[in-house]
Amino acid sequence: MDSSIQLLENTDQATKQALENVRKRKEKFDKFKNWHKLSIWGTIILAALFFLYLYITVASVYSYSFAAMFSAFVNDSKNFTFLVFSVGMYGAMNLLKEKKDKAEKEYHELRCEIVDRSKDYWKKEEEWKNRHLVFEIMKKNYDINLYHEKK
């Protein structure tokens, strides 16, 4: 368990565990979000390089005939390799988007559950009055908003 969550006062162990779980889900979501951004840029750059390579080696040289361009494209094995890498990068980008969306859904469901069940987590009057301190720590340290269900 993270040290700032472990050191929370006016919070029982079950609540700390719920906060730790939402922190882990947020961390997982952020990781997939960053990997997805990186894959988007990688796909764009790889596709741009591929089209530039095709323009230089095929389109500009054999522009007089589509059949000649197609023949030149098929005859060079580097074109097929470049195409496979580009399509593979696009597939990886889509796979990372799915994983990011799933992680985001899990994170937001757990976060909304904590917001909904806050009366159960902070039952005592003193805990209820000081829960805003826990919310501020979660917002400041982990960028997790527990004040409202909406993003």
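Residues numbered from 1 in each chain as written. Predicted model: local features only at pLDDT ≥ 70, side-chain atom pairs only at ≥ 80, totals over all residues. Heavy atoms only, no water.

**Describing the environment of His36**
You can see His36 is positioned in helix α2 (residues 13-59). On the basis of relative accessible area, His36 is assigned to the buried category, the value being 9%. Taking the C-alpha atoms as reference points, His36 and Trp128, 92 residues apart in sequence, are found 39 Å from one another. (Helix = DSSP H or I, 4+ residues; strand = E, 2+ residues; numbered from the N terminus. Buried < 20%, exposed > 50% of the residue type's maximum accessible area, 1.4 Å probe, protein only.)

**A few points about the packing of aromatic side chains**
By the definition in use, this model includes 8 aromatic pairs. Summarising the aromatic geometry, the rings of Tyr53 and Phe82 are spaced 5.8 Å apart at their centres and angled 50 degrees between planes, so their arrangement reads as tilted. Taken together, the residues Tyr53 in helix α2 and Phe82 in helix α4 (residues 77-116) connect sequence positions 29 residues apart. Ring geometry for Phe66 and Phe70: centres 6.5 Å apart, planes at 25 degrees, overall stacked. Pair noted here: Phe66 and Phe70 are both in helix α3 (residues 66-75), with a separation of 4 residues, about one helical turn. The residues Phe66 and Phe70 share a single accessibility class, namely exposed. (Phe/Tyr/Trp six-rings, centres within 6.5 Å; stacked < 30°, edge-to-face > 60°.)

**Things to note about the packing of α2 against helix α7 (residues 131-142)**
At their nearest, the axes of α2 and α7 sit 12 Å apart, and the two run at 20 degrees to each other. Considering their axes alone, α2 and α7 lie roughly parallel with respect to each other. Seen along the crossing, α2 lies across α7 with a hand that is right-handed. When α2 is examined against α7, the residues Leu19, Val22, Arg23 and Lys26 are found in contact with a partner set consisting of Val134, Met138 and Tyr142. Along the lines of polarity and charge, the residues of the contact of α2 with α7 split into 5 nonpolar, no polar and 2 charged. (Axes fitted to C-alpha atoms, helices over the stretch in contact; angles between N-to-C directions. Parallel < 35°, antiparallel > 145°, perpendicular 65-115°, else oblique. Left-handed = near helix turned anticlockwise from the far one by under 90°. Contact = heavy atoms within 4.5 Å. Nonpolar A, V, L, I, M, F, W, Y, C, P; charged D, E, K, R; others polar.)

**Some points on the nonpolar core**
Counting 21 residues, the largest nonpolar core has Leu19, Val22, Ile114, Met138, Ile144 and Leu146 as its most contacted members. Put simply, the parts of the chain that give this core at least two residues each are α2, α4 and α7. If you tally residues by element for this core, the top one is α4, at 6 residues. Setting aside chain neighbours within four positions, we find Leu146 in contact with Leu19, Arg111, Ile114, Val115, Phe135 and Met138. Core analysis: the second largest hydrophobic core is formed by 5 residues, Phe50, Leu54, Val58 and Phe82 among them. (Core = buried A, V, L, I, M, F, W, Y, C linked by side-chain atoms within 4.5 Å.)

**Things to note about the side chain of Asn79**
Along the chain, the position of Asn79 falls in helix α4. Within the structure, Asn79 has its side chain in polar contact with the backbone oxygen of Phe73 (distance 3.1 Å). Setting aside residues no more than four positions away along its own chain, Asn79 makes contact with Phe50, Tyr53, Leu54, Val58, Ala72 and Phe73. (Polar contact = N/O pair within 3.5 Å; in protein donor to acceptor, adjacent residues only side chain to side chain.)

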